[in-house]
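Letter by letter, the chains look like this.
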Amino acid sequence: MDNLNPLNFPADLLACLRLARAAAALTGAGVSAESGVPTFRDAQTGLWARYRPEDLASPQAFAENPVQVWEWYRWRRGLVSGALPNPAHYALADLEKRIPRFTLITQNVDGLHHTAGSRQVIELHGNIWRNKCSRDGAQVEVVSSNQENPPLCPRCSGLVRPDVVWFGEQLPAEALEAAWDAAQHCAVFLSIGTSGLVQPAASLPLIAVQSGATLIEINPDETPLTPHASYSLRGPAGLILPELLQAVWG
Ligand code: NAD
């Protein structure tokens, strides 16, 4: 494993990307950090400093205090609504056009990959802009809500919640299956801006490595995935990804 200067990518890394007929990328909150959407760790400031994400984004939290959970999501939606894709999002949209079979798998719920132009995105953890009924999981289109009352499902009057996967919940089966399949059948797997701590997403890079793929990690910090990466590119994704694409495809 090499610790690389992002401005000096080794030739074999560039060749590996240039020759790849199938690749997959897993993105995490770090990819949107440069768009001003904080990672969970960075979001724990100010008003929300005393809460752990598990205490705000879990079925238990919603059962106990739906008003507070909605307050946290309104705050997050406010952040996301002002956010624009950054160069990392655009580079990944570009990668989709350059590699014949490219699968983008994201843990992010902010929708910024779509905004940047990525067309095939597996959203493992849902999307913060959608709502669903907490009783039957059916998506709910229009929700009127206010600070005091959590929104109610127009069909059954059950509580409406954001359509995101909370701590302790199952991932959507179809999305997970597609992500697993991509990890098993790619030549290159990029793990970008993810701490590698949240399962089962964190297993995808390992599945790829076990299936023979080259793992490239892009993250300013070391993660539990770092020892498994053939290339560990230290730094912000918004800087490294565009430079990497430039170095490979010019
Ligand atoms: P995480 O918060 O656990 O880890 C973020 C990782 O990104 C860290 O390893 C950090 O070193 C790295 N990072 C920070 N800035 C970076 C940059 N500029 N470029 C590259 N990497 C950078 O995030 P996670 O692994 O995605 O897991 C947290 C969970 O929280 C996920 O399930 C996700 O759904 C949710 N979440 C989503 C958003 C979002 O949609 N934008 C934001 C926060 C949390």
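Heads up: these notes are all about the structure in this document. All of these numbers come straight from a predicted model, not from anything done at the bench. (Residues numbered from 1 in each chain as written. Predicted model: local features only at pLDDT ≥ 70, side-chain atom pairs only at ≥ 80, totals over all residues. Heavy atoms only, no water.)

This paragraph deals with the packing of aromatic side chains. All chains considered together, the criterion is met by four aromatic pairs. Taking 5.3 Å as the distance between ring centres and 45 degrees as the angle between the ring planes, the aromatic pair formed by phenylalanine 62 and tryptophan 166 counts as tilted. Placement of phenylalanine 62 in helix α4 (residues 59-64) and of tryptophan 166 in the loop between β7 (160-164) and α8 (173-184) is noted, with a sequence separation of 104 residues between them. The exposure classification of phenylalanine 62 matches that of tryptophan 166, with both residues buried. Measuring from centroid to centroid gives 6.4 Å for tryptophan 72 and tyrosine 73, while their planes differ by 75 degrees, and the two rings are edge-to-face. A relative accessible area of 4% means that tyrosine 73 is categorised as buried. (Phe/Tyr/Trp six-rings, centres within 6.5 Å; stacked < 30°, edge-to-face > 60°. Helix = DSSP H or I, 4+ residues; strand = E, 2+ residues; numbered from the N terminus. Buried < 20%, exposed > 50% of the residue type's maximum accessible area, 1.4 Å probe, protein only.)

Let us look at the site of the ligand. As a matter of local geometry, the ligand sits amid 25 residues, with Gln107, Val109, Asp110, His125 and Ser195 nearest to it. The backbone of glutamine 107 places a nitrogen or oxygen atom 2.4 Å from an oxygen atom of the ligand. With respect to the ligand, the backbone of valine 109 contributes an N or O atom lying 2.7 Å from an oxygen atom. Considered on its own, the ligand offers 840 Å² of accessible surface; in the complex 89% of this is hidden by protein. The site holding the ligand turns out to be the largest pocket. With four residues, helix α2 (residues 29-33) is the single largest residue contributor to the shell around the ligand. For the shell around the ligand, the per-class residue count stands at 10 nonpolar, 11 polar and four charged. (Near = heavy atom within 4 Å. Polar contact = N/O pair within 3.5 Å; in protein donor to acceptor, adjacent residues only side chain to side chain. Areas by Shrake-Rupley, 256 points an atom, 1.4 Å probe, with all protein chains shown as cover. 1 Å grid on protein atoms, 1.4 Å probe; cavity = no way out; pocket = protein on both sides within 12 Å on 5 of 7 lines; lining within 4 Å. Sits in = over half its atoms within 2 Å of the grid points. Nonpolar A, V, L, I, M, F, W, Y, C, P; charged D, E, K, R; others polar.)

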